[in-house]
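These are the residues of each chain, in order.
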Amino acid sequence: MGRGEEPADVLLLAILLGAGLALGLGLGNAWFGVSLALGIYLFVCARRWRKLLDWLRDPSPDAEPPALGGPLALVAHRVKLGRDRLRERVNQGETSVALLRESFSALKDGIIILDAGRCIEWSNPAARRLLGLRHPEDKGQHIGNLVRYPGFQEFLSSGGGDAEFEFTVPDARALTLQVQAASFGQASTVLFVRDVSAMKRLETIRQDFVGNISHELRTPLTVIAGYVDTLADMLGDDSPVIAKALLQMRQQSVRMENLLKDLLLLSRFENSDQPEPADEEVIQVCAMLESIRENALTACAGDRRISLQCDASLRFRACREEIETIFSNLIFNAVKYTQPGGSVDVRFGRCDAGVEFVVVDDGIGIDPVHIPRLTERFYRVDKGRSTERGGTGLGLAIVKHALIRLGGEMQVESRPGAGSVFRCVFPAERLAEEPAVYAVSLS
Ligand code: ADP
């Protein structure tokens, strides 16, 4: 089109110049005629510019470009094309945003978008209902002023990561909410708020059920085991078949007792992520470890070597039952899964992050594919071997929950046939003041 207009423009100029020249020659002044023609041409151009500028200034998005000749027609055409495309994109963007908002509004889970200053930019109705936010009053408010739960600020400052923040809403609904955070864009954050009350209730019912049933089964089991012992004592040497049956009954009842004991302990540890502060005391860790070491040596009839290195200057504060459970489960496991003649090294001392408890064995090891699942209830790499060695499959699950309560973490390194390293790290806050000054080293 532009190319079509350009000759027309040149043609107009040529006609004007021709007519002007003819008029000038007729009047005896050719320059006058040419100047007149150029003046008319400039006038036409100025009018076209004016029309173009008027159209560009017109705020109405549907205004059609004026009819212009020459290169300005091309300019107007290109501007119109650009405008139309831009409008189309804006419309598409607006439709997508509206669609997203509509779908987010229909969600049962809450979504809150925060700006770089952690102020609310947008929230869906579910988030407002779950957190009791007012709309639109709370828009632009700092989320920390509206969601005031201990630990929430720290959770937000840490950026959330993979972590979840869980809390119970302190109103009549007593909802348990779980919040996840994800960063996006320059420094914005999106919060996902989920109502996990039903899940929590079910979990509590499950824990209570396991706890209650374990408790209820203990008494009958004790009675049965007692009678089995009595019958075994009364039995003479002439009934080897019955003696064998009673022995097996005794072994199985011991297994069941251990299982019930572990189930009860696990359900107690699971019920709360934190021990009662009143249950905590400064533990004589080295004495405790020495005693566990002796028990483990007795259990394996002394056919494994167990070395102990313990920094007795550390005054470690913890709940006795929990820390003893961690120590003995890991030491007994190391002994259990190490062949006779093998060795187990136990270490307790300082590390960069605080305090570490490490158990290293040169036993059967674990294929790395199993490591992430070791702390699941009843997860066993080799069920036959575990049962044969008196395992319940609950030891590491109990260790995990005891560690959570003590603020510790466990790392496991192992390879089949190359032994295992179980390392528990406790925060430095677990250390009490006034260190004593001696150390214990046994092998
Ligand atoms: P169990 O009562 O079966 O020992 P645990 O929960 O204590 O249950 O351990 C889970 C599984 O982890 C065990 O069945 C065993 O397969 C594996 N395991 C734990 N500790 C060790 C270890 N030191 N060496 C090799 N395997 C281990």
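Everything below is about the structure shown above.
First things first, this report covers the structure right here in the doc. (Residues numbered from 1 in each chain as written. Predicted model: local features only at pLDDT ≥ 70, side-chain atom pairs only at ≥ 80, totals over all residues. Heavy atoms only, no water.)

Let's shift gears to the site of the ligand. Taken together, 21 residues lie around the ligand, and Asn333, Tyr337, Ser386, Thr392 and Leu396 are the ones closest in. Here Thr392 contributes a backbone N or O atom positioned 2.8 Å from an oxygen atom of the ligand. A distance of 3.3 Å separates an oxygen atom of the ligand from a polar backbone atom of Gly395. Contributing elements (two or more residues each) for the shell around the ligand: helix 10 (320-336), helix 12 (395-406) and strand 12 (420-427). The biggest single contributor to the shell around the ligand is helix 10, with three residues. For the shell around the ligand, the per-class residue count stands at 10 nonpolar, eight polar and three charged. (Near = heavy atom within 4 Å. Polar contact = N/O pair within 3.5 Å; in protein donor to acceptor, adjacent residues only side chain to side chain. Helix = DSSP H or I, 4+ residues; strand = E, 2+ residues; numbered from the N terminus. Nonpolar A, V, L, I, M, F, W, Y, C, P; charged D, E, K, R; others polar.)

Turning to the packing of aromatic side chains, a few remarks are in order. The description of an aromatic ring pair rests on the distance of the ring centres and on the angle between the ring planes. Scanning the model with the defined rule gives 10 aromatic pairs in all. Relative to Phe167, the ring of Tyr149 has its centre 4.0 Å away and its plane inclined at 25°; by these criteria the two rings are stacked. Here Tyr149 is found in the loop between helix 5 (143-146) and helix 6 (152-157), whereas its partner Phe167 is found in strand 3 (residues 165-168), with 18 residues between them in sequence. Each member of the pair, Tyr149 together with Phe167, is buried. Ring pairs connect the aromatic residues Tyr149, Phe152, Phe155, Phe165 and Phe167, which therefore count as one cluster. (Phe/Tyr/Trp six-rings, centres within 6.5 Å; stacked < 30°, edge-to-face > 60°. Buried < 20%, exposed > 50% of the residue type's maximum accessible area, 1.4 Å probe, protein only.)

Looking now at the packing of helix 2 (residues 30-57) against helix 3 (residues 71-106). Where helix 2 contacts helix 3, the two axes come as close as 10 Å, and the packing angle between them is 10°. Here helix 2 is positioned roughly parallel relative to helix 3, judged by the angle of their axes. Contacts from Arg48, Trp49, Leu52, Trp55 and Leu56 in helix 2 reach Leu72, Val75, Ala76, Val79, Lys80 and Arg83 in helix 3. (Axes fitted to C-alpha atoms, helices over the stretch in contact; angles between N-to-C directions. Parallel < 35°, antiparallel > 145°, perpendicular 65-115°, else oblique. Contact = heavy atoms within 4.5 Å.)

Here the focus is the pattern of salt bridges. Scanning the entire structure with this criterion turns up 21 salt bridges. We note a salt bridge from Glu270 to Arg206, for which the minimum N-O separation is 3.5 Å. Here the residue Glu270 occupies a position in helix 8 (residues 240-270), and Arg206 occupies one in helix 7 (residues 197-234), the gap between them amounting to 64 residues. Look at Arg206 and you get partly exposed, because its relative accessible area is 28%. The partner of Arg430 in a salt bridge is Glu280, with the nearest N and O atoms 3.2 Å apart. Here Arg430, found in the loop between strand 12 and strand 13 (440-442), pairs with Glu280, found in strand 6 (residues 280-283); they are 150 residues apart in sequence, far enough to count as distant. Of the two residues examined, Arg430 and Glu280, each falls in the buried class. Several salt bridges converge on common partners, so that one network encompasses Glu64, Lys80, Asp84 and Arg87. (Salt bridge = Lys/Arg side-chain N within 4 Å of Asp/Glu carboxyl O.)

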